[in-house]
Amino acid sequence: MSEQLATMRAGGRVAVVTALEAEIGVLMRRARRVIGERARQVHEDIPGIAYLMLGFVRERGSVRATEIGFAFHVDKAGVSRHVQQMLELGLLAKRPDPDDGRATLLSVTAEAERRMAAVAGERRRRLDERLDDWSDETLNEFVDLLARYNELLADD
């Protein structure tokens, strides 16, 4: 723990919450940078937001573009632009929605799946390497606390 963080903790709850806010800021800046790097590993031409959208589609199997827009708070034009780019790059495929012939379902291609799996495997390997000196108990506690924190943010 840094000396600055130790000093803040000694200052009471307001100081601790301030320190937490600062650490979350650091995490967010690093995450933004890493997302861009991972996007380029999947394909050099996609931006970070498209990589995140691709991951969203991958997790769900197939989705409508409107679901992507809702999940990412991106307007229809923004989603359409990213989807079109990923279709052209062979990362997404589209097919008619069997429940509504007017709608289209998007899914990741086998190539996108292969590329994303490789990036995810490397990501987990590096994370495990960085946390190598954490005990299983500490790591489990961190995961539990982070999950609790994320639950608190679910409505934001």
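Not measured: the values here are computed from a predicted model. Counting restarts for each chain, with residues numbered from 1 along the sequence as it is written. Reporting in this predicted model follows two pLDDT cut-offs: at least 70 for local features of residues, and 80 or more for side-chain atom pairs to be given and counted; totals over whole chains, interfaces and linings ignore these cut-offs and use all residues. Think of the side-chain values as coming from all heavy atoms in the structure, minus any hydrogens and water.

### Some details on the pattern of salt bridges
Reasoning step 1: Salt bridges are defined as contacts in which a side-chain nitrogen from Lys or Arg sits within 4 Å of a carboxyl oxygen from Asp or Glu. Inspection of every chain in the model, using the stated rule, returns 10 salt bridges.
Reasoning step 2: Asp100 is the partner of Arg102 in a salt bridge, and the nearest nitrogen-oxygen pair spans 3.0 Å.
Reasoning step 3: Residues Arg114 and Glu111 are paired through a salt bridge, measuring 2.5 Å at the closest nitrogen-oxygen approach. Of this pair, Arg114 and Glu111 both sit in helix H6 (residues 110–130), separated by 3 residues, roughly a single helical turn.
Reasoning step 4: Within the structure, one salt-bridge network assembled from shared partners comprises Arg64, Asp97, Asp100 and Arg102. Each helix is a run of H or I in the DSSP string that is no shorter than four residues. Each strand is a run of E no shorter than two, and both are numbered from the N terminus.

### Focus: the pairing of strand E1 (residues 92–97)
Consecutive side chains along a regular strand alternate between the two faces of the sheet.
Reasoning step 1: Between any two strands, pairing holds if DSSP finds at least two bridges. In this sheet, strand E2 (residues 100–108) lies alongside E1 in antiparallel orientation, the contact comprising 6 bridges. When the bridges of E2 are listed, Arg95 appears paired with Leu105.
Reasoning step 2: Between E1 and E2, which pair antiparallel one after the other, the connecting turn spans 2 residues.

### Structural notes on the nonpolar core
Reasoning step 1: Counting residues in each nonpolar core, the largest one holds 21 residues, and the members touching the most others are Val42, Ile46, Leu54, Ile68 and Met86.
Reasoning step 2: For this core, the secondary-structure elements that each account for two or more residues are helix H2 (13–42), helix H3 (48–60), helix H5 (76–88), E2 and H6.
Reasoning step 3: It is H3 that provides the largest number of residues to this core, a total of 6 residues.
Reasoning step 4: Contacts are assigned to residue pairs that have any heavy atoms within 4.5 Å of one another. When residues no more than four places from it in sequence are discounted, the contact partners of Leu54 are Val42, Met86, Leu91, Leu92, Val108, Ala112 and Met116. The criterion is simple. A nonpolar core is a set of buried Ala, Val, Leu, Ile, Met, Phe, Trp, Tyr and Cys residues joined through side-chain atoms within 4.5 Å. Think of it in three bands: residues with accessible area under 20% of the maximum for their type are buried, residues over 50% are exposed, and the middle band is partly exposed, with areas taken using a 1.4 Å probe on protein chains only.

### Topic: the packing of aromatic side chains
Reasoning step 1: Under the pairing criterion, centres of Phe, Tyr and Trp rings, with the six-membered ring standing for Trp, must be within 6.5 Å; the plane angle then separates stacked pairs below 30 degrees from edge-to-face pairs above 60, leaving the rest tilted. Tallying each qualifying case throughout the model produces 2 aromatic pairs.
Reasoning step 2: Centre to centre, the rings of Phe56 and Phe72 are 5.7 Å apart; their planes meet at 80°, and the pair counts as edge-to-face. Residue Phe56 is found in helix H3, and its partner Phe72 is found in helix H4 (residues 65–72); the two are separated by 16 residues along the sequence.
Reasoning step 3: Judged by its relative accessible area of 22%, Phe72 is partly exposed.
Reasoning step 4: Their ring planes at 85° and their centres at 5.4 Å tell us that Trp134 and Phe142 sit as a pair that is edge-to-face.
Reasoning step 5: Looking at Trp134, the relative accessible area reads 33%, which means it is partly exposed.

### Digging into the side chain of His82
Reasoning step 1: Among the secondary structure elements, His82 is positioned in helix H5.
Reasoning step 2: Of the residues examined, His82 reaches a relative accessible area of 12% and is grouped as buried.
Reasoning step 3: Not counting chain neighbours up to four residues away, the residues in contact with His82 comprise Pro47, Ile49, Ala50 and Met53.

### Considerations on the packing of H2 against H6
Reasoning step 1: A fitted line through C-alpha atoms represents every axis, and for helices the fit uses only the stretch in contact; the resulting angles, taken between N-to-C directions, go from 0 to 180 degrees. One way to put it is that H2 packs onto H6 with a least axis distance of 9 Å and a crossing angle of 140°. With respect to H6, the axis of H2 lies oblique. By crossing handedness, the relation of H2 to H6 is classed as right-handed. Of the residues in H6, those in contact with Arg38, Gln41 and Val42 of H2 are Arg115, Met116, Val119 and Arg123.
Reasoning step 2: Partitioning the contact of H2 with H6 into residue classes produces 3 nonpolar, 1 polar and 3 charged. In what follows, roughly perpendicular refers to angles from 65 to 115 degrees, roughly parallel to angles under 35, roughly antiparallel to angles over 145, and oblique to any angle outside these ranges. Each crossing gets its hand from how the near helix is turned against the far one by less than a right angle, where anticlockwise is left-handed and clockwise is right-handed. Note on residue categories: nonpolar means Ala, Val, Leu, Ile, Met, Phe, Trp, Tyr, Cys or Pro, charged means Asp, Glu, Lys or Arg, and polar means any other residue, Gly included.

### Notes on unusual backbone geometry
Reasoning step 1: For His73, which is not glycine, the phi dihedral falls at a positive 55°.
Reasoning step 2: Assignment of secondary structure puts His73 in the loop between H4 and H5.
Reasoning step 3: What makes His73 exposed here is its relative accessible area of 71%.

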